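Chain and residue survey
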Amino acid sequence: MKRRQLCLGALGTLGAGLMASSAAHAADNYPSRPVRIIVPYAAGGGPDVQMRQLAPSLGEALGQPIVVENKVGAGGVLAAQYVAQAPADGYTALMGSNSHLIQKALQPSLKFDPVNDFTPVTVVGTSPSVLVVAADSPYRTVQDLIAALLAQPGKMNYSSGGIGSAAHLGGATLVSLLRASAVHLPLKGSVEIPLSLLRGDSAFAFTIAGTAIPQVKGGKLRALAVTSAAPMAQLPQVPTLQSVLRSDLAVQEFWFGLWLPVKSPAEAVNKLYAAATQTLKSPAIAAQFEASGNSVTQSASPQADAAFVRGEFRKWADIIKLTGITAG
């Protein structure tokens, strides 16, 4: 009996060793098949287009094709839950963004944790919002708008693409930091914001840069401020909202990057980071991003990205607390 137990124990140890060796070999050979990136936005939308712009060069640098898949729903929650439950082998990544942090802060009961369920690899792009009014609006500067908000409590509307959207958070943050009051006008989608301004249904709004810049340069909208930490190259004369309100909570940029399921092999994380580094150096990628109102941005390391995500989660939770926004 003892001899049989010893044999079984030896076989068990051998089996565990073979499994560990196999796992290490798989990690060393990563990637040996195509890598999927799950995009939580509709095909043809801005974030989807940007990830598809990256995919061919990223795949070339990685040595395997990148397959972009769209899983839309619940403000990005469905895609996040899918990737969080995927095998932690480096072959399924999420296009993670601050939208996931916002949704979790708005709905703590959601069955995924954007901080603890993922291993961030790197940020790849950022885009601020632009505070805009109609071109014929009487508000020519952000100070004009602030004065009107303070003089007319509860009389002005700001529009957004829905509760918890970037436009909603931007407008609510402005009003809250001023200790003013205004009426939130949620629309069916962010594409309706410019029309709302032009019709006069709303007095001001925050629109993502890729949407705002063509409208501003086309003479339909007027830009009053940007939510980036520094002025935008495309709108160099437009001040940052942070410089006006003197609050870091006024810095609100949409960013997106690559996340793997937690406990993914370090080899996979490092190789994906190296491939992203090579890809993001491309002048063509930078030009494509700039044309859509984005900036190529890369984390200093996966560890730096993880620290950034944790900090952003705290910031967005503070913004939601400040504004009192709820999910429904």
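Shown above is the structure to which this text applies.
Residues numbered from 1 in each chain as written. Predicted model: local features only at pLDDT ≥ 70, side-chain atom pairs only at ≥ 80, totals over all residues. Heavy atoms only, no water.

Here's the deal with the packing of aromatic side chains
This structure, assessed with the given rule, holds eight aromatic pairs. Members of the aromatic cluster, joined through ring pairs, are Tyr-41, Phe-254, Phe-256 and Phe-289. For Arg-33, the ring lying beneath its charged end belongs to Tyr-91, and the centroid distance is 3.7 Å. (Phe/Tyr/Trp six-rings, centres within 6.5 Å; stacked < 30°, edge-to-face > 60°. Lys NZ or Arg CZ within 6 Å of the ring centre and 35° of its normal.)

A few points about the pairing of strand 9 (residues 253–261)
Across the nine residues that make up strand 9, a large majority, eight, are buried. Both strand 3 (residues 92–97) and strand 9 contribute to a ladder of four bridges, which runs antiparallel. Counted as the bridge partner of Leu-94 is Trp-259 from strand 9. (Buried < 20%, exposed > 50% of the residue type's maximum accessible area, 1.4 Å probe, protein only. Helix = DSSP H or I, 4+ residues; strand = E, 2+ residues; numbered from the N terminus. Pairing = 2+ DSSP bridges.)

As for the pattern of salt bridges
Scanning the entire structure with this criterion turns up six salt bridges. One salt bridge connects Asp-201 with Arg-199, and the closest N-O pair in it is separated by 2.7 Å. Looking at Asp-201, the relative accessible area reads 35%, which means it is partly exposed. With relative accessibility at 53%, the residue Arg-199 sits in the exposed group. Residue Glu-267 pairs with Lys-271 through a salt bridge whose shortest N-O separation is 3.5 Å. Of this pair, Glu-267 and Lys-271 both sit in helix 10 (residues 266–280), separated by four residues, roughly a single helical turn. By relative accessible area, Lys-271 is classed as partly exposed at 27%. (Salt bridge = Lys/Arg side-chain N within 4 Å of Asp/Glu carboxyl O.)

A word on the nonpolar core
In terms of nonpolar packing, the biggest core is built from 43 residues, with Leu-131, Leu-145, Leu-174, Phe-204 and Leu-241 touching the most fellow members. Among all residues touching Leu-174, those that are not within four sequence positions of it are Leu-131, Leu-145, Leu-149, Phe-204, Phe-206, Leu-241 and Leu-245. If you look at the next biggest cluster of nonpolar residues, it comprises 30 residues, including Val-68, Met-95, Leu-280 and Phe-289. (Core = buried A, V, L, I, M, F, W, Y, C linked by side-chain atoms within 4.5 Å. Contact = heavy atoms within 4.5 Å.)

Structural notes on the pairing of strand 4 (residues 118–134)
Counting buried positions along strand 4 yields 16 of 17 residues, so the element is predominantly enclosed. Summarising the sheet, strand 4 and strand 9 pair through nine bridges and their orientation is antiparallel. Bridged to Phe-118 within strand 9 is Pro-261. Inspection of the sheet shows strand 4 paired to strand 10 (residues 295–296) by two bridges, in the antiparallel sense. In the strand pairing of strand 10, Thr-126 is matched with Ser-295. In this structure, strand 4 lies alongside strand 7 (residues 204–208), joined through four bridges in antiparallel fashion. What sits directly across from Ser-129, in strand 7, is Ile-208.

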